[in-house]
Amino acid sequence: MAWVALGVLALVGRSFGTGVPSEECWPSLTDWAELNDAVSGKLIRNHPVAEPCYYGDDGGRRLCERIVDQWSNSTFQSLQPTGYCYPLDYACPIVSIPELEHVQGDCELGPAPVYTINATEPEDVVEGIQFAKQHNLRLVIKNTGHDLLARSQGYGSLQIWLKYFQDDIEYHEAYQSLQCERINWAGSAFTVRGGALWGDLYAEAFKRNLIVVGGQDPTVGVIGGYLQGGGHSPASRDFGLAADQVLELKVVLASGELVTANACENTDLFFALRGGGGGTYGVVVSATLKAHPSSPVVTHSLIVYPLPNRKDPLATTMALVDVVAEILSVYPALSDAGFSGYAGWGVDKIDSPIAGAPAPVMENGGYSHAFAKLDSSNDAMETAQSFVSATLMQRLRAYNGSGLMISESWERYASFGDYFTAATRAQQKVGFSKMAITSRLLDKASLTMDKGRLKEMLRITSTNSPDVPQKATIWTMLFLVGGGKMLSNPTAPITDRYVGAHPAWRQAYLLAIPTSILPEGADDGSLHKMQEDTTYRKTDAMRALAPNTGSYLNDGDRNNPWWQIDFFGDNYPRLRAIKDEYDPDHVFYCPTCVGSEVWTEVPLGGRVYGPLCRV
Ligand SMILES: Cc1cc2nc3c(=O)[nH]c(=O)nc-3n(C[C@H](O)[C@H](O)[C@H](O)COP(=O)(O)OP(=O)(O)OC[C@H]3O[C@@H](n4cnc5c(N)ncnc54)[C@H](O)[C@@H]3O)c2cc1C
Ligand SMILES: *[C@@H]1O[C@H](CO)[C@@H](O)[C@H](O)[C@H]1NC(C)=O
Ligand SMILES: *[C@@H]1O[C@H](CO)[C@@H](O)[C@H](O)[C@H]1NC(C)=O
Ligand SMILES: *[C@@H]1O[C@H](CO)[C@@H](O)[C@H](O)[C@H]1NC(C)=O
């Protein structure tokens, strides 16, 4: 078990850091039993998800087979108290079935919390916060466990889990606030509570022919890290960030108080919770979000891939970089004309479960996109086709056949809901830890001004430096989710003044996310080199191209040494002041979250996690 005493931990004194299970100050079994009573029996002693694989009996074997089978299923992971999409570390790895008879190695909780409150109502959240404060424990808030930066994990912690928190969705046909007249929104809205998922809210919105600004994967939580981190969407070009849609929030503070945050009350908190990051200022238990009338959609799909029997692979790769630069330089024009959506590219065969590209691109490398335009006019298709032909396709024809295959297709959908359901990617595969990811927001200048520098960035981000020993799959996700409404200066109406998302979103068109993935069996040395390559070489190349923008904290690099400025920009000092006002004791902690610099995580020997200490 993970909380077997480790001598070294005893050195971490109570006044310097949060308690860990091996210490004397760790709550006694009686304390835990009292907490369990206070939350009506909802306290869980955590176990590693793959623990049955280590039982060494038939029962364990049967359970293990199912766990191995479901490991990459984000719904399965989110139903486990210690299940994660992107675990920081596998302290209890799944075991391949043939080896089950004689499993070796350890199975520990590792960076996962030790106890979980399976919260269903605000009182459970309050009990958890108070217990953590009283016993000086590290506290973790988890909704779905989708986080890519390990912000819903925490060694030696108590977890408040919101998966089963009362999650009803309330529809307001014509929203009206009785308490706050500054909320001048008379359109439709939804109030969403607790652990509801985007899939749940999309179902409610689409059956009323409405659009909500949410994630592209239905298994992401609505009101947790996604919304509080800003939230980009297939609809954000047309309606702004998800955080821009928030009319009102209900929040449990570190003090245990349940408060409202909107344009009238707790306006600073309202600002911070709309883009300033999850897990930092309080526990959001409900959010009221704008909904917009739907519209018909036309989509353009493009794929470019190297022909398998190409004679000169190097020339083909160079042609691919040229084509991708050509396409990216047209993104601002496409966005200004109403297009948005998802693209990606990589120079080699793609083994990454993250990619979700069409088969020929997965097999050979290449580029693909599926862009959509909301347009209710009768000649929507003709307008879109002639625009794309003139701005994009004519430039690409010259490359067709030169070792590359280029093809396009068009579709029409009666509503945004039909488009979303048919055209966005299916549930993504998750559950791998040997990954490195970074992101950069790219503005119009960086995409259009200097094609030489753009190509340089593409070359650097699509390969690993030679000192990464093992070959990784590299795929860059290209999210054309900015432009349009995202660029509008959020000064009016007044509700929109309180948005704490990175100001760079207001000039960004594209979010570029290079990801590198190694096989799960890869050694730590390769992983470390690959992560360094991502943190420095790749990120620097993007930063050089777009020096005045930033990164997106929810698709960011967990090792980014400049996370304050890259994730929050000029908002950082204000967000930090709000953090100190609403959570003066820093009860809420997550890595790379605002204020987290007052703590340092001291890694256990050979691990990437360990107890927290005050800096
Ligand atoms: C498959 C997949 C698809 C994605 N697609 C998109 C996308 O389209 N657009 C986009 O912008 N991002 C996307 N993301 C990134 C996503 O925004 C982040 O992973 C986000 O952190 C998920 O939030 P969560 O609450 O579901 O996850 P969790 O891991 O449970 O929580 C993430 C963070 O929020 C905190 N938190 C959770 N709930 C609360 C709460 N109620 N109150 C306060 N803090 C809370 C946690 O402490 C943690 O710090 C995607 C991620 C995945 C895995
Ligand atoms: C993923 O897990 C959920 C919940 O256990 C299950 O309903 C669903 O069928 C699973 N999907 C796959 C592809 O196995
Ligand atoms: C959490 O509580 C819900 C009911 O609110 C229950 O269905 C679920 O099984 C519990 N989860 C665990 C892991 O105990
Ligand atoms: C590229 O060439 C192929 C085969 O010659 C053709 O089928 C395809 O339509 C061309 N693509 C474009 C975008 O013109």
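Remember, it's a predicted structure, so these values are computed and weren't measured experimentally. (Residues numbered from 1 in each chain as written. Chains lettered and ligands numbered in written order. Predicted model: local features only at pLDDT ≥ 70, side-chain atom pairs only at ≥ 80, totals over all residues. Heavy atoms only, no water.)

## A closer look at the overall build of the chain
Using the following cut-off: Per the convention used, a helix needs a DSSP run of H or I reaching at least four residues, while a strand needs a run of E reaching at least two, with both numbered from the N terminus. Only C-alpha atoms enter the radius of gyration; for comparison, a globular chain is expected to reach 2.2 Å times N to the power 0.38, where N is the number of residues. When checking whether two residues touch, look at their non-hydrogen atoms; a contact exists if any pair is within 4.5 Å. For every accessible area listed, the method is Shrake-Rupley and the probe measures 1.4 Å; residues are considered covered only by the protein chains on display.
When its secondary structure is counted, the chain shows 17 helices and 20 strands. Against the globule reference of 25 Å for 615 residues, the chain gives a C-alpha radius of gyration of 24 Å, in line with a compact fold. Along the three orthogonal principal directions, the C-alpha set of the chain runs to about 75 × 65 × 45 Å. Across the chain, contacts joining residues at least 24 apart in sequence account for 76% of those joining residues at least 6 apart. Counting only carbon and sulfur atoms, one obtains 51% of the accessible surface of the chain, whose full area is about 23,200 Å².

## Describing the domain arrangement of the chain
Filter applied, for reference: An automatic or database domain assignment supplies the start and end points of every domain. A simple way to read buried area is as the amount of 1.4 Å-probe accessible surface that goes missing from two parts once joined, with both sides added. The salt bridge definition used is simple: a Lys or Arg side-chain nitrogen within 4 Å of an Asp or Glu carboxyl oxygen. Polar contacts, as used here, are pairs of N or O atoms within 3.5 Å; protein pairs need one atom able to donate a hydrogen and one able to accept it. Residues neighboring in sequence count only if both atoms are side-chain atoms. Classification convention: Asp, Glu, Lys, Arg as charged; Ala, Val, Leu, Ile, Met, Phe, Trp, Tyr, Cys, Pro as nonpolar; all other residues, Gly among them, as polar.
With domains assigned, the chain is organised as domain 1 (11–161), domain 2 (170–293), domain 3 (296–414) and domain 4 (431–568). Buried area between domain 1 and domain 4, both sides added, is near 1,000 Å², and the carbon and sulfur share of it is 53%. For the domain 1 face of the interface with domain 4, the top three residues by lost area are Y86, L148 and L149, together amounting to 51%. At the boundary of domain 1 and domain 4, one finds 0 salt bridges. There are 7 residue pairs in polar contact (both at pLDDT 80 or more) connecting domain 1 and domain 4. The class makeup of the residues in the side of domain 1 that touches domain 4 is 10 nonpolar, no polar and 2 charged.

## Concerning the packing of helix 9 (residues 313–336) against helix 11 (residues 380–397)
The following threshold applies: Here an angle of 0 to 180 degrees is reported between the N-to-C directions of two axes, which are lines fitted to C-alpha atoms, with helices fitted over the stretch in contact. Roughly parallel means an angle under 35 degrees; roughly antiparallel, over 145; roughly perpendicular, 65 to 115; everything else is oblique. Should the near helix be turned counterclockwise from the far one by less than a right angle, the crossing is left-handed, whereas a clockwise turn marks it as right-handed.
Where helix 9 contacts helix 11, the axes come no closer than 9 Å and their chain directions differ by 165°. Taken together, the axes of helix 9 and helix 11 lie roughly antiparallel to each other. Along this stretch, helix 9 crosses helix 11, giving a crossing that reads as right-handed. Across the interface between the two elements, V323, E326, I327, S329, V330, A333 and L334 from helix 9 touch F387, V388, T391, L392, R395 and L396 from helix 11.

## Some remarks on the UniProt feature "domain: FAD-binding PCMH-type" (unreviewed entry) in the chain
This is how it is decided: UniProt positions are given in the numbering used here, feature names are shortened, and annotations may be inferred rather than shown by experiment.
Per the UniProt record, "domain: FAD-binding PCMH-type" (unreviewed entry) is annotated on residues 109–294. Counting secondary structure, residues 109–294 comes out at 21% helix and 26% strand; the distance between its end C-alpha atoms is 45 Å.

## What to know about the state of the cysteines
Rule in force here: Throughout, disulfides are identified as pairs of cysteine sulfur atoms within 2.5 Å of each other. Think of it in three bands: with a 1.4 Å probe and only protein chains considered, a residue is buried below 20% of the maximum accessible area for its type, exposed above 50%, and partly exposed in between.
Counted by the stated rule, this structure contains 4 disulfides. Two residues, C92 and C107, share a disulfide whose sulfurs are 2.3 Å apart. Because the torsion about its S-S bond is -80°, the bridge between C92 and C107 counts as left-handed. Here C92 is found in the loop between helix 3 (74–78) and strand 2 (115–118), whereas its partner C107 is found in the loop between helix 3 and strand 2, with 15 residues between them in sequence. Here C92 and C107 have matching classes, each one buried. Between C180 and C264 runs a disulfide, and the two sulfur atoms are separated by 2.0 Å. Across the S-S bond linking C180 and C264, the dihedral sits near 80°, which makes this disulfide right-handed. Here C264 lies in the loop between strand 9 (258–261) and helix 8 (267–273) and C180 lies in the loop between strand 5 (169–172) and strand 6 (188–193), a separation of 84 residues in the sequence. Taking the relative accessible area as the measure of exposure, C180 reaches 1% and is therefore buried. C25 takes part in no disulfide bond, and the closest cysteine sulfur to it belongs to C613, at a distance of 12 Å. Of the cysteine sulfurs around C85, a residue in no disulfide, the closest is that of C590, at 17 Å. A relative accessible area of 1% places C85 in the buried class.

## Here's the deal with a nonpolar patch on the surface
Defined as follows: Grouping into patches uses exposed residues only, defined as over 30% relative accessible area, and leaves out salt-bridged ones; the cut-off is 9 Å for like charges and 5 Å for nonpolar side chains (Val, Leu, Ile, Met, Phe, Trp, Tyr).
Judged by side-chain polarity, Y536, W562 and I565 come together as a nonpolar surface patch covering roughly 310 Å² of accessible area. Examined against the element boundaries, I565 turns out to sit in helix 16 (residues 563–568).

## Some remarks on the sheet that holds strand 4 (residues 157–161)
Cut-off, in case you're wondering: Criterion used throughout: strands pair if DSSP finds at least two bridges between them.
Pairing within the open sheet is mixed, and its 4 strands lie in the order 1-2-4-3. The two strands at the open ends of the sheet, each matched to only one other strand, are strand 1 (43–45) and strand 3 (138–142). Taking each pair of neighbouring strands and ignoring which way they run, the sheet shows an average axis angle of 25°. Direction of pairing for strand 3 relative to strand 4: parallel, over a ladder of 5 bridges. Bridge pairing in strand 4 links R138 to S157. Taken strand by strand, helix 4 (residues 122–135) contacts strand 2, strand 3 and strand 4, and its axis lies near 170° from that of strand 4.

## So, the site of ligand 1
Applicable threshold: Being near a molecule or strand, for a residue, comes down to having at least one heavy atom within 4 Å of it. A cavity here means a set of points on a 1 Å grid, drawn over the protein atoms and nothing else, where a 1.4 Å probe fits but cannot get out; a pocket is an open set with protein on both sides within 12 Å along at least five of seven lines, and a residue lines either one if it has an atom within 4 Å of a point. Placement in a cavity or pocket follows one criterion, namely that more than half of the molecule's atoms lie within 2 Å of its grid points.
Around ligand 1 sit 32 residues in total, of which I141, N143, T144, S152 and Y552 are the nearest. For ligand 1, an oxygen atom lies 2.9 Å from a polar atom in the backbone of H232. One nitrogen or oxygen atom from the main chain of G279 is found 2.9 Å from a nitrogen atom belonging to ligand 1. Look at ligand 1: alone it shows 950 Å² of surface, and the protein chains cover 98% of it. Judged by the fraction of its atoms near the pocket grid, ligand 1 is located in the largest cavity. Among the elements of the structure, strand 3, helix 6 (225–228) and strand 10 (283–293) are those that each provide at least two residues to the shell around ligand 1.

## Quick word on the pattern of salt bridges
Side chains carrying opposite charge are able to pair once their charged atoms draw close together. Tallied over the full model, the rule gives 28 salt bridges. In this structure, D124 and K42 form a salt bridge, with 2.8 Å as the shortest nitrogen-oxygen distance. A residue pair is termed long-range when its members are at least 10 positions apart, and D124 in helix 4 and K42 in the loop between helix 1 (29–38) and strand 1 qualify at 82 residues. Owing to a relative accessible area of 18%, K42 belongs among the buried residues under this scheme. Notably, a salt bridge pairs E204 with R208, separated by 3.0 Å at the nearest N-O pair. One network of salt bridges, in which partners are shared, links R440, D540, R543 and D566.

## Brief notes about the nonpolar core
Soluble globular proteins: nonpolar side chains tend toward being buried together. Under the convention used in this document: To define a nonpolar core, start from buried Ala, Val, Leu, Ile, Met, Phe, Trp, Tyr and Cys residues and group those joined through side-chain atoms within 4.5 Å.
If you look at the biggest cluster of nonpolar residues, it comprises 91 residues, and the most contacted ones within it are W198, L249, L269, L289 and W505. For this core, the element with the highest residue contribution is helix 8, accounting for 5 residues. Core analysis: the next-biggest nonpolar cluster, separate from the first, contains 45 residues, V323, V330, M393 and M542 among them.

## What about the packing of aromatic side chains?
Definition in use: Centres within 6.5 Å make a pair out of two Phe, Tyr or Trp rings, where for Trp the six-membered ring is used; the pair is then stacked when the planes are under 30 degrees apart, edge-to-face when over 60, and tilted otherwise. Only when the NZ of Lys or the CZ of Arg is both within 6 Å of the ring centre and within 35 degrees of the ring normal is a charge said to sit over the ring.
Overall, the coordinates contain 26 aromatic pairs when judged by the stated rule. By way of ring pairs, the aromatic residues W198, Y202, F206, Y226, Y413, F416, Y419 and F420 are connected into one cluster. Above the ring of Y171, the side-chain terminus of R208 is found at 4.2 Å from the ring centroid. Taking NZ or CZ as reference, R614 lies 4.7 Å from the ring centre of W599, over its face.

## A closer look at the site of ligand 2
Taken together, the neighbourhood of ligand 2 is formed by Q70, N73, T75, F76 and L79. Here an oxygen atom of ligand 2 sits 3.0 Å away from a polar atom, N or O, in the side chain of Q70. Take N73: an N or O atom from its side chain is 2.4 Å from an oxygen atom of ligand 2. Protein contacts shield 41% of the accessible area of ligand 2, which totals 360 Å² for the unbound molecule.

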